[in-house]
Amino acid sequence: MISGDVQVGADSEMLQRLVIFGGAGDLTRRYLLPALSRLQAAGRLPSGFEIVAADRDDIATNAYREAAAGWLAQHAPTVASTARHDLARMLVYRQADALDPGSVHETLQPDLGPTAVYLALPPSVFGPAIAALTSAGLPSGSRLGIEKPFGTSLAHARELNRLVRRCLPEDAVFRIDHFLGMQMVQNLVGLRFANRVLEPVWNCHHVDAVEIVWDETLTLEGRGYYDAVGALRDMVQNHLLQLLALVGMEPPARLDARGLRDRKTDLLRAVRRFSPEEVDRHTVRARYTAGSVRGRQVPAYLDEEGVDRDRDTETFVQVTLRVDNWRWAGVPFVLRTGKALATDRREITIRFRPVPLPALAGAAPPNLLRIPLDPESLSLDLNLNAAGERFGFERVSLAQPMAPPRLPAYGWVLLALLGGDPMLSIRADEAEESWAIIEPILDAWAAGVAPLSSYAAGSHGPGQP
């Protein structure tokens, strides 16, 4: 995790075959195939590797390969054309229904040996798809990758975990969160625990607040699934709580998958579950109206294609959480995300408490440690005497851009799936604890608490220009 690489366990083997259910979908086109082409270019895929793309459409393999070549040219243009060509030739297309055991069995071809199966499907069909896999029978040594969000509620996540346990052992199940494959997210462990200068001040005595932000200029962009999910489920439960866990967790006893996931789960258990009154005070939800984003006119969310106008789907959410443990008592953790905003801002900010010197009260702004996630860099804001002023201060920023990642985020999580390293996946109890944090908020919203507000596309959010 510190090095940003994936270490395959001594008892694991790199699987030779990957089956993607949802092989003609947006996730496969935009992310999975481009990431696989990067793995091929880096020499990380084994010789004779086969990728089976399975979906309901009736497509010949040659036609699918031609389509895939176009997707790769669009979404992986910097990958060498030879690697893209080689990747396309690894592809085999199968028309299949992921919810039908017979169709799944025919697609898996269990006699070919252990297989990595990736469910690039909507969360609403994970249950029937896992049940179909169980009935079809996965070869011994196979692994299962399940795209997050893992379920649609706490009850659904528990049911999925029950179904998964019937299909495969936990160490063969990979609940995929590509945020964990981002270089700067992996570097959080090294930043926190390999620097003695930081760990002593990483607590409520020195930290005033933590802000985790994923603001996007991106609008709905044809992603119809989003309307049934919303920002709280899609981003906060799905991704930002993982960032919260890495920022706030205690030092692991060992830097391995179990040690890391044990400490993340402990942190999630310590996050306060809100009462309806706390939901009203500590959450904001909103939806964008028509406006202009970077000079482009954007229709209101309700006028976007595929949107159900009767749903109260939020495209912006801000939640201020509390972690009820010794290290973080009283420190607010602000998690914020939104679509169609004025700027792309994707960063973690640690705001330190002001210096306890009355003579400097109000004169020296707080130190800030900024951890931008995209693009990946690191900066520390410090105070120095202003030039020519004996008692004035000016802010200086010590900034360090990160080297370009060797692989995209999906490249790392796919490599972990194929190689059997669970470090970059979510354990069953982690998934349930995340939902346990979010569910009281969803229930309160459904009861009318914290009414849905609005903000103009291209603004900085509700109540801001």
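None of these values were measured; they are calculated from a predicted model.

Novice: Describe the nonpolar core, naming the residues involved and giving the relevant values.
Specialist: Residues Leu-18, Phe-21, Leu-36, Tyr-118, Leu-119, Leu-133 and Ile-348 are the most contacted members of the largest nonpolar core, which totals 140 residues. By residue number, the principal contributor to this core is helix α8 (residues 230-248), which donates 11 residues. Sequence-distant contacts of Leu-36, defined by excluding residues within four places in its chain, comprise Leu-18, Ile-20, Leu-45, Ile-51, Leu-87 and Leu-414.

Novice: With reference to specific residues and values, describe the side chain of Asp-421.
Specialist: You can see Asp-421 is positioned in the loop between α11 (409-419) and β17 (425-426). At 7.8 Å, Arg-261 is the nearest oppositely charged side chain to Asp-421, a buried residue that forms no salt bridge.

Novice: Please set out the confidence of the model for the protein residue by residue, giving values where relevant.
Specialist: Per-residue confidence for the protein averages 93 on the pLDDT scale, and 95% of its residues sit at or above 70. With pLDDT under 50 throughout, residues 6-11 is counted as low confidence; its partners more than four residues away or in other chains account for eight contacts.

Novice: Tell me about the sheet that holds strand β3 (residues 91-95), and please be specific about residues and values.
Specialist: Across the sheet, which stays open at both edges, the seven strands sit in the order β3-β2-β1-β4-β5-β6-β17 with mixed pairing between neighbours. Each edge of the open sheet carries a strand with a single partner, namely β3 and β17. Pairing geometry for strand β5 (residues 143-147) and strand β6 (residues 173-176), over four bridges, is parallel. Directly across from Leu-144, in β6, lies its bridge partner Val-173. The strands touched by helix α4 (residues 101-108) are β1 (17-21), β2 (50-55), β3 and β4 (116-119); relative to β1, the strand with the most contacts, the crossing angle is about 150°. Contacts from helix α5 (residues 126-136) reach β1, β4 and β5 within the one sheet, and its direction differs from that of β4 by about 160°.

Novice: I'd like a description of the pairing of strand β15 (residues 377-385), backed by residues and values.
Specialist: Looking along a regular strand, one sees side chains alternate from face to face of the sheet. Where strand β14 (residues 368-372) meets β15, three bridges bridge the pair, whose relative direction is antiparallel. If you follow Leu-369 over to β15, its bridge partner there is Leu-380. What sits between β14 and β15 in their antiparallel hairpin is a turn of four residues. Inspection of the sheet shows β15 paired to strand β16 (residues 393-401) by nine bridges, in the antiparallel sense.

Novice: Describe the sheet that holds strand β12 (residues 332-338), with residues and values.
Specialist: Taken together, nine strands build an open sheet; the order of strands is β16-β15-β14-β13-β7-β12-β11-β8-β18 and the sheet is mixed. Of all the strands in the sheet, the pair left with one neighbour each is β16 and β18 (453-456). Averaged over all adjacent pairs, the angle separating strand axes in this sheet is 20°, with direction ignored. Direction of pairing for strand β13 (residues 345-352) relative to β14: antiparallel, over a ladder of five bridges. Bridge pairing in β14 links Ile-350 to Leu-369. The strands that α8 touches are β7 (207-215), β11 (316-322), β12 and β13; relative to β12, the one it contacts most, it runs at about 140°.

Novice: For the side chain of Asp-177, give the residues involved together with the corresponding values.
Specialist: Tracing the chain through its elements places Asp-177 in the loop between β6 and α7 (183-193). Those residues within four positions of Asp-177 in sequence are excluded, and the remaining contacts are Lys-148, Asn-238, His-239, Gln-242, Val-413, Leu-424 and Ile-426.

Novice: Go over the packing of aromatic side chains with me, naming the residues and quoting the values.
Specialist: Counted under the stated rule, the structure contains eight aromatic pairs. Considering the side-chain rings of Tyr-288 and Tyr-301, the 5.7 Å spacing of their centres and the 80° angle between planes classify their relative orientation as edge-to-face. With Tyr-288 in strand β8 (residues 283-289) and Tyr-301 in the loop between β10 (296-298) and β11, this residue pair connects regions lying 13 residues apart in the sequence. Using a relative accessible area of 2% as the deciding quantity, one classes Tyr-288 as buried. Within the aromatic cluster, the residues linked to one another by ring pairs are Tyr-288, Tyr-301, Phe-316 and Tyr-455. Here the guanidinium or amino end of Arg-175 rests over the ring plane of Phe-150, the centre of that ring lying 4.9 Å away. Note that Lys-339 overlies the ring of Tyr-226, its terminal NZ or CZ placed 5.1 Å from the centroid.

Calculation rules
- Residue positions are given per chain, counting from 1 as you read along its sequence in written order.
- Where totals are concerned, whole chains, interfaces and linings use all residues; where local detail is concerned, this predicted model gives features only for residues with pLDDT of at least 70, and gives and counts side-chain atom pairs only at 80 or more.
- Excluded from the side-chain calculation are hydrogens and water; included are all heavy atoms of the structure.
- Here, nonpolar core refers to any group of buried Ala, Val, Leu, Ile, Met, Phe, Trp, Tyr and Cys residues whose side-chain atoms link them within 4.5 Å.
- Here the term buried applies to any residue with accessible area under 20% of the maximum for its type, exposed to any over 50%, and partly exposed to those in between, with areas from a 1.4 Å probe on protein chains only.
- Secondary structure follows DSSP: runs of H or I at least 4 residues long count as helices, runs of E at least 2 residues long count as strands, and numbering of each begins at the N terminus.
- Whether two residues touch is decided by their heavy atoms; if any such pair falls within 4.5 Å, the residues are in contact.
- Charge assignment in this entry is limited to Lys and Arg as positive and Asp and Glu as negative, and neither His nor the chain termini are counted.
- Throughout this description, the term salt bridge denotes a Lys or Arg side-chain nitrogen within 4 Å of a carboxyl oxygen of Asp or Glu.
- Per-residue confidence from the predictor is given as pLDDT, running between 0 and 100.
- Strands pair, by our definition, only if DSSP identifies at least two bridges between them.
- Think of each axis as a best-fit line through the C-alpha atoms, taken over the contacting stretch in the case of a helix, with angles from 0 to 180 degrees between the N-to-C directions.
- Note on aromatic contacts: the rings of Phe and Tyr and the six-membered ring of Trp form a pair at centre separations within 6.5 Å, being stacked when their planes are under 30 degrees apart, edge-to-face when over 60 apart, and tilted otherwise.
- The rule for a charge over a ring is simple: NZ of Lys or CZ of Arg within 6 Å of the ring centre, and within 35 degrees of the ring normal.

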